[in-house]
Amino acid sequence: MSLDYAKNDWYAVADIFCLKDGPRQTRLLGTDLTVTGPADTATVTDAEGNRYPAQLRFDHVWTTLGDAPRTLFEIPQGDEPGRRRVPCGVVRVRCSPLRAVENFLDIAHFPFVHTDILGSEPQTEVRPYNVEIRDETDEVWATQVKFFQPQAARSAGDGIITEYDYRVPAPTTAVLYKTCPPKPEAQDVIAIFVQPVSETECDVWPWMALYDDESTFSEMVQFQHEIFVQDRSILENQRPVKLPLDPRMEIPMRADLTSVAYRRWLKKHGAFYGALTEDA
Amino acid sequence: MPSMPVGLTRDLPAGRVMHAEVDEVDVVVWRAANGEIAAWNNRCPHRGMALSHGFVRGNSLACLYHGWHYERSGRCSYIPAHPDLEPPATIHATKYAIAEEGGVIWVAIDGDASGSENDLDPLRSMIVDASEETLLTAASATALGGGLPDAGPEGQFSFGADVVRLLCNALGENRTQVTVLASPALPVPRRRALSRWCEAMRRLAEKGGAS
């Protein structure tokens, strides 16, 4: 584990809604925290009364425990006019925060885990796509990922070939950009902000910025929630619980190139909180 | 390591998958459409998913996560993300020895699997929150129709001519899977009475034994 590295990232610890009912008692990287609203001037303190920085971004309150935090990434599309921004609440998952991110980057499971929603047999093939670690931003990107989906979003009717771009701007955040059914020239944005409670437990905050004028807010949250609960049934049954970085422990195929790049990128940074390293 | 009893044949029909634990190893046990049975380490070599959540397709077990198929030999035979690819022979589940004898499924983590011979009938399978020792002590102290059983070797308990055998498989320190056999061809009311005796034995064992 590498707590020192993890401490200098920012993490979502509340959304704009959950603080309305009072402070949120939570845990981040093993440290008990209290997050007190309102969200735009939230305070984050630990049990000894130490105060940590807080900022409101992407409809969530973000904090960091480190002395030299890295800059919080941007999601510029989120601010575009006409998009609806949807913080989807929180889902507690008993898994490594890194396994939660890796699952979000994976499309090959759609027909089996999100059957008849994000995928369906026999359309299971994952075609070649591009993966790179972008030097200028130091982010993992997978582009031109295409997959047949029976119901890609609440706003999608019949099945379509959905095109995705995936982005990992921080070890516990993944963002995807996908075909937007009612507005083909634009891309919907869906992200998960993973709050590492410990190395083997996390709170996942899904967030969306969509062009969708039809669905109600609660329908959109419900759709995302249903997807994530299906993912949870996988994530809580993977062994080892921590993400193995030794390539011999889990065998990847071509469809897993995003995951391969993600694991390499974690290794390069020493971002080992939630990972199983060779010498572990 | 010795073979351990992990359940009754009749509880695992064709197409069924179950989870077992043997010598602290997580095991998946499944039966193909053709009736053949297999026991493997409960982990898909691809992304570590528990194969006991998977599903049987014909004579293969498919992982729930990405649908990778494994034949009874353990070899991966199909990867849905790459339908035209012949999976490399190096991708395979870790196999354990398995045997079925006398209506009981036996698994060995090391070496060959074999059951103990018996001419008994399967009665039931249960999990008790107690050690094997506590459980057998409780069995000796549990009466049936006013009489205590005569305790014999190998988990055998006799009520006159009728015999019950408790096959124990330790699940951690204080949990035991019990596969219960009984004398052959007993009338249904007698089998029910013996099954109720098992329940009483479980309650006593979970209270801490006979004391």
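Residues numbered from 1 in each chain as written. Chains lettered and ligands numbered in written order. Predicted model: local features only at pLDDT ≥ 70, side-chain atom pairs only at ≥ 80, totals over all residues. Heavy atoms only, no water.

1. Brief notes about the overall build of chain A
Point 1. When you go through chain A residue by residue, the secondary structure sums to 5 helices and 17 strands.
Point 2. Over its C-alpha atoms, taken along the principal directions, chain A stretches across nearly 55 × 45 × 35 Å.
Point 3. Expressed as a percentage of its 280 residues, the buried residues of chain A come to 56%.
Point 4. The long-range fraction of contacts in chain A, counting pairs at least 24 apart against all pairs at least 6 apart in sequence, stands at 62%.
Point 5. A total accessible area of about 11800 Å² is found for chain A, and carbon and sulfur atoms account for 48% of it.
Point 6. Positive and negative side-chain charges of chain A, numbering 29 and 43 respectively, have mean locations separated by a distance of 2 Å. (Helix = DSSP H or I, 4+ residues; strand = E, 2+ residues; numbered from the N terminus. Buried < 20%, exposed > 50% of the residue type's maximum accessible area, 1.4 Å probe, protein only. Contact = heavy atoms within 4.5 Å. Areas by Shrake-Rupley, 256 points an atom, 1.4 Å probe, with all protein chains shown as cover. Lys, Arg positive; Asp, Glu negative; His and termini not counted. Charge placed at Lys NZ, Arg CZ, Asp CG, Glu CD.)

2. What about the interface of chain B and chain A?
Point 1. Opposite the 24 residues of chain B that make contact, chain A presents 28 residues.
Point 2. The contact between chain B and chain A buries some 2100 Å² in all, and 53% of this surface belongs to carbon and sulfur atoms.
Point 3. Of all residues in chain B, R47, Y65 and H82 of chain B give up the largest surface area on contact with chain A, accounting jointly for 33% of the area buried on that side.
Point 4. In this structure, the connection of chain B to chain A is made through 3 salt bridges.
Point 5. Of the charged contacts in the structure, one is a salt bridge between E121 of chain A and R57 of chain B, with a shortest N-O distance of 2.8 Å.
Point 6. Our count for the chain B to chain A interface comes out at 18 residue pairs in polar contact (both at pLDDT 80 or more). (Buried area = accessible area lost by both parts, 1.4 Å probe. Salt bridge = Lys/Arg side-chain N within 4 Å of Asp/Glu carboxyl O. Polar contact = N/O pair within 3.5 Å; in protein donor to acceptor, adjacent residues only side chain to side chain.)

3. Things to note about the domain arrangement of chain A
Residues and elements named next belong to chain A.
Point 1. Here the domain parsing of chain A yields domain 1 (1–72) and domain 2 (84–280).
Point 2. A buried area of about 1900 Å², summed over both sides, lies between domain 1 and domain 2, and 62% of it is on carbon and sulfur atoms.
Point 3. The interface formed by domain 1 and domain 2 holds 2 salt bridges in total.
Point 4. At the junction of domain 1 with domain 2, the criterion picks out 13 residue pairs in polar contact (both at pLDDT 80 or more).
Point 5. Elements that contribute at least two residues to the side of domain 1 that touches domain 2 include exactly α1 (3–7), β1 (11–15), β2 (24–28) and β7 (60–63).
Point 6. Here the side of domain 1 that touches domain 2 gets 5 residues from one element, more than from any other, and that element is β1.
Point 7. Classifying every residue of the side of domain 1 that touches domain 2 gives 15 nonpolar, 4 polar and 5 charged. (Domains from an automatic or database assignment. Nonpolar A, V, L, I, M, F, W, Y, C, P; charged D, E, K, R; others polar.)

4. Quick notes on the packing of helix α1 (residues 132–140) of chain B against helix α2 (residues 188–206) of chain B
Residues and elements named next belong to chain B.
Point 1. Direction vectors running N to C along α1 and α2 enclose 125°, while the axes themselves pass 8 Å from each other. Taken together, the axis directions place α1 and α2 in an arrangement best described as oblique. Classified by chirality, the crossing of α2 by α1 is right-handed. On the side of α1, the interface is formed by T134, L135, A138 and A139, while α2 contributes W197, M201, L204 and A205.
Point 2. Class assignment of the residues belonging to the contact of α1 with α2 gives a composition of 7 nonpolar, 1 polar and no charged. (Axes fitted to C-alpha atoms, helices over the stretch in contact; angles between N-to-C directions. Parallel < 35°, antiparallel > 145°, perpendicular 65-115°, else oblique. Left-handed = near helix turned anticlockwise from the far one by under 90°.)

5. Considerations on the pairing of strand β12 (residues 160–170) of chain A
For a regular strand, the rule is simple: side chains alternate between the two faces of the sheet.
Residue and element names in this part refer to chain A.
Point 1. Summarising burial for β12: 8 of the 11 residues are buried, a large majority.
Point 2. Examined bridge by bridge, strand β11 (residues 139–149) and β12 share 8 bridges and lie antiparallel to one another. Of the residues in β12, the one forming a bridge with Q149 is I160.
Point 3. Bridging between β12 and strand β13 (residues 173–179) involves 5 bridges; their strand directions are antiparallel. When the sheet's bridge partners are listed, Y164 is paired in β13 with K178.
Point 4. Connecting the antiparallel pair β12 and β13 is a turn made up of 2 residues. (Pairing = 2+ DSSP bridges.)

6. A look at the sheet that holds β2 of chain A
All names here are of chain A.
Point 1. With antiparallel pairing, the 4 strands of this open sheet are ordered in space as β2-β3-β4-β5. Looking at strand neighbours, the two that pair on one side only are β2 and β5 (51–52), the edges of this open sheet.
Point 2. Of the strand pairs in this sheet, strand β3 (residues 31–36) and strand β4 (residues 43–46) are connected by 4 bridges, and their pairing is antiparallel. Bridged to T36 within β4 is T43.

7. Structural notes on the environment of A39 of chain A
Residues and elements named next belong to chain A.
Point 1. Assignment of secondary structure puts A39 in the loop between β3 and β4.
Point 2. For A39, a relative accessible area of 13% puts it in the buried group.
Point 3. A C-alpha to C-alpha distance of 23 Å links A39 and A68, two positions 29 residues apart in sequence.
Point 4. When residues no more than four places from it in sequence are discounted, the contact partners of A39 are I16, L19, L56 and V61.

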